[in-house]
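Reading the structure
Listed below are the residues making up each chain.
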Amino acid sequence: MNHIISKTELSKFLKTISQFVLKFIFVYLVTISPLMAKTSVEGKWMLILNGGKGQIDNSVVIGAPTDNKAAIIGELSLSQINEKWMGHVEGGPVDVKIDNNVIEIVVDSRDLAGFVFFRRLKGNFSTKEMSGTFTIEGTTETPEAGGKWIAIRKDPNNELLPPKPVDISGLWTPAPGVDFRKYSMDLTEKAKLWHKDYIDHYDQPNVRCVSPGIVAISAWGAYPFEILKSEERLTFLYEVDSEVRRIYMNKKEPPAYYPTSGMGFSNGYWNGSDLVIETQLLEGNVRDFRGEPISDGARMHERYSLSEDGQTLSAVITLLDPANYEQPPIRRRKWTRNSSTEIYPYECDPDSFYRQMYDENKLEMYFERSHRRQID
Amino acid sequence: MNLKNTKLMTILLGLISCNSINAHHSFAVEFTAEKTIEIEGVVSEIWFRNPHVRYYVDISDNNKVISWDVRTSSPSLLVRKGWTKNTIQVGDKISIIGHPGRDGRKLLSVISIKLSDGSSLGQKYPKPEKLGKK
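Residues numbered from 1 in each chain as written. Chains lettered and ligands numbered in written order. Predicted model: local features only at pLDDT ≥ 70, side-chain atom pairs only at ≥ 80, totals over all residues.

Now for the overall build of chain A. The helix and strand inventory of chain A stands at six helices and 22 strands. Counting only contacts in chain A whose residues sit at least 6 apart along the sequence, the fraction spanning at least 24 positions is 55%. (Helix = DSSP H or I, 4+ residues; strand = E, 2+ residues; numbered from the N terminus. Contact = placed C-beta atoms within 7 Å.)

Each helix and strand counted, chain B has three helices and six strands in total. Scanning chain B from its N terminus toward the C terminus, one meets helices and strands in the order α-α-β-β-β-α-β-β-β. Taken across its 134 residues, chain B has 40% of its residues classed as buried. Contacts in chain B between residues far apart in sequence, at least 24 positions, make up 64% of those at least 6 positions apart. (Buried ≥ 20, exposed ≤ 12 C-beta atoms within 10 Å, placed from the backbone.)

Below, the discussion takes up the environment of Tyr346 of chain A. Within the element layout of this structure, Tyr346 of chain A appears in the loop between strand E22 (330-337) and helix H5 (351-359). Apart from the residues lying within four places of it in its own chain, the contact partners of Tyr346 of chain A are Glu239, Val240, Asp241 and Ser242 of chain A together with Asn50 and Ser76 of chain B.

Each partner contributes to the interface: chain A provides 24 residues, whereas chain B provides 21 residues. Of all the elements in the fold, those that place two or more residues in the side of chain A that touches chain B are helix H3 (200-203) and H5 of chain A. Of the residues in the side of chain A that touches chain B, the class split is 12 nonpolar, seven polar and five charged. (Nonpolar A, V, L, I, M, F, W, Y, C, P; charged D, E, K, R; others polar.)

Here we take up the pairing of strand E14 (residues 233-238) of chain A. Residue and element names in this part refer to chain A. The alternating pattern of E14 places Leu234, Phe236 and Tyr238 on a buried face and Arg233, Thr235 and Leu237 on a face that is not buried. Where strand E13 (residues 225-230) lies against E14, six bridges are found, and the strand directions are antiparallel. By the bridge assignment, Ile227 is partnered in E14 with Phe236. Between the end of E13 and the start of E14, which pair antiparallel, lie two residues, with Glu232 showing a positive phi angle near 60°. Both E14 and strand E15 (residues 244-248) contribute to a ladder of five bridges, which runs antiparallel. The residue bridging Phe236 from the neighbouring strand is Arg245, located in E15. Taken together, E14 and the strand that follows it, E15, pair antiparallel across an intervening segment of five residues, in which Asp241 is found at a positive phi of about 60°. (Pairing = 2+ DSSP bridges.)

In this section: the sheet that holds E15 of chain A. Residues and elements named next belong to chain A. Read around the barrel, nine strands follow the order E11-E13-E14-E15-E16-E17-E20-E21-E22 and close on themselves; strand pairing throughout is mixed. Direction aside, the axes of adjacent strands within the sheet are offset by 30° on average. Taken together, the three bridges between strand E11 (residues 170-174) and E13 define a ladder with antiparallel strand orientation. Opposite Leu171, over in E13, you have Glu226 as the bridge partner. (Axes fitted to C-alpha atoms, helices over the stretch in contact; angles between N-to-C directions.)

Looking now at the nonpolar core. Here is a general trend for soluble globular proteins: nonpolar side chains tend to be buried in one another's company. Core analysis: the largest hydrophobic core is formed by 61 residues, its most contacted members being Val215 and Trp220 of chain A together with Val70 of chain B. Composition of this core by domain shows at least three residues from each of domain 1 (41-153) and domain 2 (170-373) of chain A. The residues contacting Val70 of chain B, other than those within four sequence positions of it, are Arg54, Tyr55, Val57, Ile96, Leu108 and Val110 of chain B. Judged by nonpolar contacts, the second largest core, of 26 residues, contains Leu47, Ile103, Met130 and Ala151 of chain A. (Core = buried A, V, L, I, M, F, W, Y, C linked by C-beta atoms within 7 Å. Domains from an automatic or database assignment.)

Here the focus is the domain arrangement of chain A. Interface size, as often reported, equals the accessible area lost upon joining of the parts. Residue and element names in this part refer to chain A. The domains assigned to chain A are domain 1 (41-153) and domain 2 (170-373). Centre-to-centre, using C-alpha coordinates, domain 1 lies 25 Å away from domain 2. The interface is formed by 22 residues belonging to domain 1 together with 23 residues belonging to domain 2. For the side of domain 1 that touches domain 2, the secondary structure elements donating two or more residues are strand E3 (60-62), strand E4 (72-81), strand E5 (84-89), strand E6 (92-99) and strand E7 (102-110).

Omega for the bond connecting Asn50 of chain B with Pro51 of chain B falls within 30 degrees of zero, at 5°, which places this linkage in the cis form. The topology assignment puts Pro51 of chain B in the loop between strand E1 (37-47) and strand E2 (54-61). With a phi angle near 60°, Lys251 of chain A is a residue other than glycine that sits in the positive phi range. Along the chain, the position of Lys251 of chain A falls in the loop between E15 and strand E16 (265-271). Even without a glycine there, the phi angle at Asn361 of chain A is positive, about 55°. A tally of 8 C-beta atoms within 10 Å means that Asn361 of chain A is categorised as exposed.

All names here are of chain B. When pLDDT is averaged across chain B, the result is 75; 71% of the residues are at 70 or more. Of all secondary-structure elements in chain B, the lowest mean pLDDT belongs to helix H1 (residues 15-21), at 40, while E1 reaches the highest, 95. Below a pLDDT of 50 lies the segment residues 1-22, which in the model reaches 66 contacts outside its immediate sequence neighbourhood of four places, other chains included. Note on residues 123-134: pLDDT under 50 across the span, and 34 contacts to partners over four residues away in sequence or across chains. (pLDDT = per-residue confidence, 0-100.)

Our focus in this paragraph is the environment of Lys85 of chain B. Residues and elements named next belong to chain B. Relative to the helices and strands, Lys85 is located in the loop between helix H3 (75-79) and strand E4 (93-100). Residue class for Lys85 comes out partly exposed when judged on the 16 C-beta atoms lying within 10 Å of it. Once the C-alpha coordinates of Lys85 and Val70 are considered, the two residues, 15 residues apart in sequence, prove to be 14 Å apart.

Residue and element names in this part refer to chain A. Turning to its location among the elements, Gly268 is positioned in strand E16. C-alpha of Gly268 to C-alpha of Arg290: the two residues are 22 residues apart in sequence and 29 Å apart in space. Once you skip the residues sitting within four places of it in the chain, Gly268 turns out to touch Leu234, Ile247, Tyr248, Met249, Leu275, Val276 and Ile277.

Our next topic: the pairing of E15 of chain A. Residues and elements named next belong to chain A. The alternating pattern of E15 places Arg245 and Ile247 on a buried face and Val244, Arg246 and Tyr248 on a face that is not buried. Where E15 lies against E16, two bridges are found, and the strand directions are parallel. Bridge assignment links Ile247 to a residue of E16, and that residue is Ser266.

Listed below in structure tokens is the structure:
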């Protein structure tokens, strides 16, 4: 028959096909697949460790954790520059490896006692979601188990919604979890230079009873605070350092010559039912225990969300200080409504600090470090 | 009510947490969290004030008196649990388990304190009690 082909021809045909398929797979793996990985992964994600998916609303995750432990949440951003993957969690740099659809991220964090440890996240990704497991590396004060993680594309929608104020007045006590407590931040050269010889137990403002300012206080997870509501103003009364903060809801401008200060000058508005606070006129200061600097004149953006049952208040706190940070540092906090407590007095006496300096013959050294306490 | 005579001196302080959660600087920098010691001595001075409550405790060692700076939490967090400025008084003999300061410094971050009547303050006793002494 004319249509019958010889075994040799069939063999050649099959060989040609298989070579074509192999070439296609090779080209795919070398060129197309990485491109797909790039387009699949680049951008901003919400990372959730040991938590339920919840609902994502402009980076505030509201939802009960699946394992009854508080979820840890952070913004992950990924980009590729010159074929090298760059990653940030909460504005701080992280190590990222991507191989086909497998991703590995290593995040440094600091626990409540000050121990620096690492969370190693491994998993798979698609265009919409990542998931996997994580392990803990390094010493922590309280042993922390690993667990599961997911990441969901962050909603880029920043639309300003009509105001729908909710009642957040009352007493709030800190709730566990939420914050990644990211250790390293993406400091500018100026900030690195300033920060390199910071010693927290000599230079931290509160060791000598000086308020650390609103950037640290707003993210401090130990003390309660109270919110008072009055016409065109919210007042936050913080137990720590007995600080008072006025948040003007009427677009009030700061008076002429109003100075920079640790508490700054705050205006607020409602974006839907979220309270947004913009703080300006911050004084040169440090961001937290690690002593990373805040420029004189830096700004802070906060977004507060009330849970549907009105019992939980969540906040995303972002420091805007491009002179010191290549990416804005982000902190998260959660509080529980607690009408059974009160704001206790907070009186501080620096005597014990100076006495220790004196006893250890370190007073001279302390005063020679005055430049550590003056930040431009 | 004389606190020394009561057996209701067990307080939940979660002191490790107290030390760290409200620490005004990094606990790990000043204290050896990986090491625990116990000291016994007489309270010579009390500072029930922020940034940290401090008890100065004198320890006799070969006819020498060595003073330790024993640190707990912030007053407002302690008094919420019933630990007031009168719970321990100057002259009290106490023994303290805690994390010592780094570099041999005579600092101690409290895990628990045992009073002379045998009652204790510290995280090992998970039942909160309101002591109520002002």
